[in-house]
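# Breakdown of the fold
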Amino acid sequence: MIGIKKLLTVLITLAVVFVLLPLAVLYFTQERLLFRPAVLAQNYAFRFVRPFEEIRLPAADGTVLHGLHFAADAPAKGRLLFFHGNAGALDSWGEVAERFAALGYESYVFDYRGYGKSGGQIDNQDQLYADAERMAEYVRAQGEGRLVVVGFSLGSGLAARTAQQYRADSLLLAAPYEGLAVLQREKAPFVPPFLIKYRIPSAEFLRAAAHTRITLVHGRQDTLIPVEHSRRLAALLKQGDAAFETDAGHNTLLADPLFWRVAAERL
(Lines give C-alpha, C1' and ligand atoms only; values in the text may rest on other atoms or scores of the structure.)
Protein backbone atom coordinates (compact mmCIF):
# COMPACT_ATOMS: atom_id res chain seq x y z
CA MET A 1 0.00 0.00 0.00
CA ILE A 2 1.46 3.37 -1.04
CA GLY A 3 2.38 5.73 1.80
CA ILE A 4 0.93 9.21 2.23
CA LYS A 5 4.29 10.88 1.58
CA LYS A 6 4.84 8.88 -1.59
CA LEU A 7 1.30 9.68 -2.75
CA LEU A 8 1.83 13.39 -2.17
CA THR A 9 5.11 13.21 -4.03
CA VAL A 10 3.42 11.53 -6.98
CA LEU A 11 0.58 14.08 -7.02
CA ILE A 12 2.98 17.02 -6.84
CA THR A 13 5.07 15.54 -9.64
CA LEU A 14 1.97 15.07 -11.78
CA ALA A 15 0.89 18.65 -11.09
CA VAL A 16 4.27 19.95 -12.16
CA VAL A 17 4.37 17.83 -15.30
CA PHE A 18 0.80 18.32 -16.49
CA VAL A 19 -0.11 21.78 -15.12
CA LEU A 20 2.79 23.94 -14.00
CA LEU A 21 5.27 22.93 -16.69
CA PRO A 22 2.92 23.71 -19.62
CA LEU A 23 2.03 27.05 -18.03
CA ALA A 24 5.71 27.89 -17.58
CA VAL A 25 6.41 26.99 -21.20
CA LEU A 26 3.49 29.18 -22.30
CA TYR A 27 4.75 32.11 -20.22
CA PHE A 28 8.26 31.96 -21.65
CA THR A 29 7.16 31.39 -25.26
CA GLN A 30 4.58 34.19 -25.56
CA GLU A 31 6.88 36.15 -27.82
CA ARG A 32 6.92 33.31 -30.34
CA LEU A 33 3.13 33.25 -30.37
CA LEU A 34 2.63 37.02 -30.63
CA PHE A 35 5.50 38.16 -32.83
CA ARG A 36 6.19 36.70 -36.26
CA PRO A 37 9.15 38.68 -37.59
CA ALA A 38 10.78 38.35 -40.99
CA VAL A 39 14.52 38.97 -40.79
CA LEU A 40 16.31 40.94 -43.52
CA ALA A 41 20.04 41.00 -44.21
CA GLN A 42 21.73 44.27 -43.29
CA ASN A 43 22.62 44.81 -46.94
CA TYR A 44 19.08 44.12 -48.16
CA ALA A 45 18.17 46.66 -50.85
CA PHE A 46 14.63 48.02 -50.58
CA ARG A 47 12.71 48.90 -53.71
CA PHE A 48 9.84 51.38 -53.59
CA VAL A 49 8.22 53.73 -56.07
CA ARG A 50 8.64 56.88 -53.98
CA PRO A 51 11.99 58.24 -52.82
CA PHE A 52 12.93 57.04 -49.33
CA GLU A 53 15.73 57.03 -46.81
CA GLU A 54 16.71 54.40 -44.28
CA ILE A 55 16.91 55.30 -40.59
CA ARG A 56 19.07 53.65 -37.95
CA LEU A 57 17.69 54.66 -34.57
CA PRO A 58 19.52 53.64 -31.36
CA ALA A 59 17.11 52.53 -28.64
CA ALA A 60 17.64 53.27 -24.95
CA ASP A 61 19.84 50.20 -24.46
CA GLY A 62 21.82 50.77 -27.66
CA THR A 63 19.91 48.28 -29.80
CA VAL A 64 19.50 49.74 -33.28
CA LEU A 65 15.96 49.99 -34.64
CA HIS A 66 15.66 50.22 -38.40
CA GLY A 67 13.15 52.49 -40.11
CA LEU A 68 12.12 54.12 -43.35
CA HIS A 69 11.15 57.68 -44.19
CA PHE A 70 9.09 58.52 -47.27
CA ALA A 71 8.99 62.19 -48.18
CA ALA A 72 5.69 63.88 -48.93
CA ASP A 73 5.09 66.08 -51.91
CA ALA A 74 5.56 69.68 -50.75
CA PRO A 75 3.99 71.23 -48.88
CA ALA A 76 3.67 68.40 -46.36
CA LYS A 77 0.57 68.19 -44.15
CA GLY A 78 2.64 66.97 -41.20
CA ARG A 79 4.55 63.98 -39.84
CA LEU A 80 3.02 60.51 -39.70
CA LEU A 81 4.26 57.52 -37.67
CA PHE A 82 2.92 54.11 -38.69
CA PHE A 83 3.06 51.09 -36.34
CA HIS A 84 2.79 47.91 -38.37
CA GLY A 85 1.37 44.47 -37.57
CA ASN A 86 2.95 41.45 -35.89
CA ALA A 87 4.35 39.70 -38.97
CA GLY A 88 6.75 40.54 -41.78
CA ALA A 89 9.19 43.43 -42.05
CA LEU A 90 9.66 46.77 -43.79
CA ASP A 91 10.13 45.22 -47.22
CA SER A 92 6.33 44.84 -47.25
CA TRP A 93 5.17 47.34 -44.60
CA GLY A 94 7.09 50.09 -46.35
CA GLU A 95 4.52 49.98 -49.13
CA VAL A 96 1.84 51.04 -46.62
CA ALA A 97 3.96 53.90 -45.30
CA GLU A 98 4.58 54.88 -48.91
CA ARG A 99 0.84 55.28 -49.46
CA PHE A 100 0.56 57.58 -46.45
CA ALA A 101 3.29 59.74 -47.99
CA ALA A 102 1.16 59.93 -51.14
CA LEU A 103 -1.59 61.43 -48.95
CA GLY A 104 0.75 64.32 -48.16
CA TYR A 105 2.56 63.26 -44.99
CA GLU A 106 6.21 62.85 -44.13
CA SER A 107 5.76 59.16 -43.43
CA TYR A 108 7.83 57.06 -41.01
CA VAL A 109 7.71 53.36 -40.16
CA PHE A 110 10.05 51.27 -38.02
CA ASP A 111 10.61 47.56 -37.56
CA TYR A 112 10.29 46.28 -34.00
CA ARG A 113 13.23 44.46 -32.40
CA GLY A 114 14.11 41.30 -34.27
CA TYR A 115 12.16 42.37 -37.35
CA GLY A 116 13.83 43.21 -40.66
CA LYS A 117 17.16 44.89 -40.03
CA SER A 118 16.36 45.86 -36.41
CA GLY A 119 18.61 44.29 -33.80
CA GLY A 120 17.77 42.44 -30.61
CA GLN A 121 14.53 40.73 -29.75
CA ILE A 122 11.34 41.64 -27.92
CA ASP A 123 11.49 40.49 -24.30
CA ASN A 124 8.76 42.37 -22.45
CA GLN A 125 6.05 45.00 -22.72
CA ASP A 126 8.03 47.83 -21.09
CA GLN A 127 10.79 47.34 -23.65
CA LEU A 128 8.23 47.48 -26.48
CA TYR A 129 6.75 50.67 -25.01
CA ALA A 130 10.19 52.26 -24.65
CA ASP A 131 11.03 51.50 -28.28
CA ALA A 132 7.73 53.01 -29.42
CA GLU A 133 8.52 56.14 -27.42
CA ARG A 134 11.94 56.36 -29.05
CA MET A 135 10.32 56.16 -32.49
CA ALA A 136 7.75 58.82 -31.58
CA GLU A 137 10.36 61.19 -30.18
CA TYR A 138 12.41 60.85 -33.35
CA VAL A 139 9.44 61.57 -35.62
CA ARG A 140 8.23 64.46 -33.48
CA ALA A 141 11.68 66.07 -33.78
CA GLN A 142 11.54 66.02 -37.59
CA GLY A 143 10.24 69.51 -38.23
CA GLU A 144 6.95 71.09 -37.26
CA GLY A 145 3.29 70.75 -38.15
CA ARG A 146 0.67 68.15 -37.33
CA LEU A 147 1.61 64.84 -35.70
CA VAL A 148 -0.40 61.87 -36.96
CA VAL A 149 -0.18 58.30 -35.65
CA VAL A 150 -1.50 55.20 -37.41
CA GLY A 151 -1.52 51.62 -36.16
CA PHE A 152 -2.59 48.32 -37.66
CA SER A 153 -3.42 45.15 -35.72
CA LEU A 154 -0.66 44.61 -33.11
CA GLY A 155 0.57 48.15 -33.81
CA SER A 156 -2.83 49.69 -33.05
CA GLY A 157 -2.30 49.48 -29.28
CA LEU A 158 1.15 51.05 -29.55
CA ALA A 159 -0.31 53.77 -31.79
CA ALA A 160 -3.09 54.49 -29.29
CA ARG A 161 -0.59 54.80 -26.45
CA THR A 162 1.70 57.02 -28.52
CA ALA A 163 -1.11 59.33 -29.62
CA GLN A 164 -2.30 59.76 -26.04
CA GLN A 165 1.21 60.21 -24.65
CA TYR A 166 2.42 62.69 -27.28
CA ARG A 167 -0.91 64.49 -27.81
CA ALA A 168 -1.07 63.62 -31.50
CA ASP A 169 -3.39 65.67 -33.67
CA SER A 170 -4.92 62.60 -35.32
CA LEU A 171 -4.98 58.85 -34.67
CA LEU A 172 -6.10 56.17 -37.11
CA LEU A 173 -6.46 52.61 -35.85
CA ALA A 174 -6.95 49.78 -38.35
CA ALA A 175 -8.25 46.46 -36.97
CA PRO A 176 -7.64 47.54 -33.35
CA TYR A 177 -8.13 45.43 -30.23
CA GLU A 178 -9.83 46.61 -27.05
CA GLY A 179 -6.78 45.35 -25.20
CA LEU A 180 -4.21 42.76 -26.15
CA ALA A 181 -4.90 40.86 -22.93
CA VAL A 182 -8.62 40.85 -23.78
CA LEU A 183 -7.89 39.42 -27.22
CA GLN A 184 -5.56 36.79 -25.79
CA ARG A 185 -8.20 35.69 -23.26
CA GLU A 186 -10.70 35.31 -26.09
CA LYS A 187 -8.31 33.24 -28.16
CA ALA A 188 -6.95 31.16 -25.26
CA PRO A 189 -9.42 31.28 -22.33
CA PHE A 190 -7.57 28.45 -20.56
CA VAL A 191 -4.56 30.71 -19.90
CA PRO A 192 -4.62 32.30 -16.42
CA PRO A 193 -4.66 36.11 -16.73
CA PHE A 194 -1.58 36.52 -14.52
CA LEU A 195 0.51 34.74 -17.15
CA ILE A 196 -0.23 37.29 -19.89
CA LYS A 197 2.87 39.48 -20.31
CA TYR A 198 1.61 41.78 -23.08
CA ARG A 199 -1.59 43.60 -22.12
CA ILE A 200 -1.51 46.87 -24.11
CA PRO A 201 -4.91 48.26 -22.98
CA SER A 202 -5.97 50.29 -26.03
CA ALA A 203 -9.27 51.28 -24.43
CA GLU A 204 -7.47 53.03 -21.57
CA PHE A 205 -5.32 54.99 -23.99
CA LEU A 206 -8.31 56.12 -26.05
CA ARG A 207 -10.16 57.29 -22.93
CA ALA A 208 -7.20 59.53 -22.11
CA ALA A 209 -6.65 60.87 -25.64
CA ALA A 210 -8.72 63.99 -25.14
CA HIS A 211 -6.67 66.13 -27.53
CA THR A 212 -6.59 63.68 -30.44
CA ARG A 213 -9.10 63.12 -33.22
CA ILE A 214 -9.62 59.36 -33.36
CA THR A 215 -10.69 57.21 -36.30
CA LEU A 216 -11.33 53.47 -36.18
CA VAL A 217 -11.57 51.22 -39.25
CA HIS A 218 -12.33 47.50 -39.02
CA GLY A 219 -13.30 44.73 -41.42
CA ARG A 220 -16.46 42.79 -40.65
CA GLN A 221 -14.84 39.62 -42.04
CA ASP A 222 -11.90 39.87 -39.63
CA THR A 223 -11.52 36.55 -37.80
CA LEU A 224 -8.19 37.35 -36.12
CA ILE A 225 -9.35 40.49 -34.29
CA PRO A 226 -13.16 40.43 -34.43
CA VAL A 227 -14.95 43.64 -35.35
CA GLU A 228 -16.60 43.61 -31.91
CA HIS A 229 -13.36 45.02 -30.53
CA SER A 230 -13.78 48.17 -32.61
CA ARG A 231 -17.45 48.36 -31.69
CA ARG A 232 -16.59 48.35 -28.00
CA LEU A 233 -13.89 50.95 -28.57
CA ALA A 234 -16.36 53.07 -30.56
CA ALA A 235 -18.46 53.43 -27.41
CA LEU A 236 -15.56 55.41 -25.90
CA LEU A 237 -15.24 57.92 -28.73
CA LYS A 238 -15.89 61.61 -28.17
CA GLN A 239 -17.44 64.22 -30.43
CA GLY A 240 -15.46 64.55 -33.65
CA ASP A 241 -14.19 60.96 -33.55
CA ALA A 242 -15.55 58.32 -35.93
CA ALA A 243 -15.66 54.56 -36.55
CA PHE A 244 -16.04 52.80 -39.90
CA GLU A 245 -16.59 49.20 -40.97
CA THR A 246 -15.76 47.58 -44.28
CA ASP A 247 -16.34 44.12 -45.75
CA ALA A 248 -12.62 43.33 -45.57
CA GLY A 249 -10.86 40.61 -43.62
CA HIS A 250 -7.87 41.15 -41.38
CA ASN A 251 -5.20 40.75 -44.05
CA THR A 252 -7.14 42.62 -46.74
CA LEU A 253 -8.14 45.72 -44.78
CA LEU A 254 -5.15 47.82 -45.83
CA ALA A 255 -5.87 46.98 -49.47
CA ASP A 256 -9.52 48.05 -49.19
CA PRO A 257 -10.24 51.28 -51.15
CA LEU A 258 -12.67 52.33 -48.41
CA PHE A 259 -9.84 52.29 -45.87
CA TRP A 260 -7.81 54.70 -47.98
CA ARG A 261 -10.80 56.97 -48.60
CA VAL A 262 -11.34 57.19 -44.86
CA ALA A 263 -7.62 57.83 -44.31
CA ALA A 264 -7.61 60.64 -46.90
CA GLU A 265 -10.67 62.28 -45.37
CA ARG A 266 -9.93 61.82 -41.68
CA LEU A 267 -6.17 62.29 -41.31
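See the structure above.
Residues numbered from 1 in each chain as written. Predicted model: local features only at pLDDT ≥ 70, side-chain atom pairs only at ≥ 80, totals over all residues. Heavy atoms only, no water.

## Examining the overall build of the chain
From N to C terminus, the chain includes nine helices and 10 strands. Counting the 267 residues in the chain, one finds 51% classified as buried. Across the chain, contacts joining residues at least 24 apart in sequence account for 70% of those joining residues at least 6 apart. Summing over all exposed atoms, the chain offers an accessible surface of approximately 12800 Å²; the carbon and sulfur share of this is 58%. (Helix = DSSP H or I, 4+ residues; strand = E, 2+ residues; numbered from the N terminus. Buried < 20%, exposed > 50% of the residue type's maximum accessible area, 1.4 Å probe, protein only. Contact = heavy atoms within 4.5 Å. Areas by Shrake-Rupley, 256 points an atom, 1.4 Å probe, with all protein chains shown as cover.)

## With respect to helix 3 (residues 90–102)
The end-to-end C-alpha separation of helix 3 is 17 Å, in line with the 18 Å expected for 13 residues at 1.5 Å each. Gly 104, located one to two residues past helix 3, shows a positive phi value of around 110°. (Expected span 1.5 Å × (residues − 1).)

## What to know about the layout of surface pockets
Counted as a void, the largest pocket has a volume near 520 Å³. If you trace the largest pocket, you find 20 residues lining it, with Leu 33, Leu 34, Leu 183, Gln 184 and Lys 187 closest to the centre. Examining the composition of the lining of the largest pocket, we find that four residues originate from one element, helix 6 (residues 180–187), more than from any other. Among the residues forming the lining of the largest pocket, the class breakdown is 14 nonpolar, four polar and two charged. One number sums up the size of the second largest pocket: a volume of about 220 Å³. Here the residues of the lining of the second largest pocket are counted per class, giving seven nonpolar, six polar and no charged. (1 Å grid on protein atoms, 1.4 Å probe; cavity = no way out; pocket = protein on both sides within 12 Å on 5 of 7 lines; lining within 4 Å. Points joined across faces, edges and corners; volume = space filled by probe spheres on them. Nonpolar A, V, L, I, M, F, W, Y, C, P; charged D, E, K, R; others polar.)

## Here we look at the nonpolar core
Counting residues in hydrophobic clusters, the biggest one holds 44 residues, and the most contacted among them are Phe 83, Tyr 112 and Leu 171. For this core, the leading source of residues is helix 4 (residues 125–140), giving six residues. The contact partners of Tyr 112, leaving out residues within four places of it in the chain, are Phe 83, His 84, Gly 85, Ser 118, Ile 122, Leu 128, Met 135, Leu 154, Gly 155 and Leu 158. Of all hydrophobic cores here, the second largest spans 31 residues; its members include Ala 89, Trp 93, Leu 172 and Ala 174. (Core = buried A, V, L, I, M, F, W, Y, C linked by side-chain atoms within 4.5 Å.)

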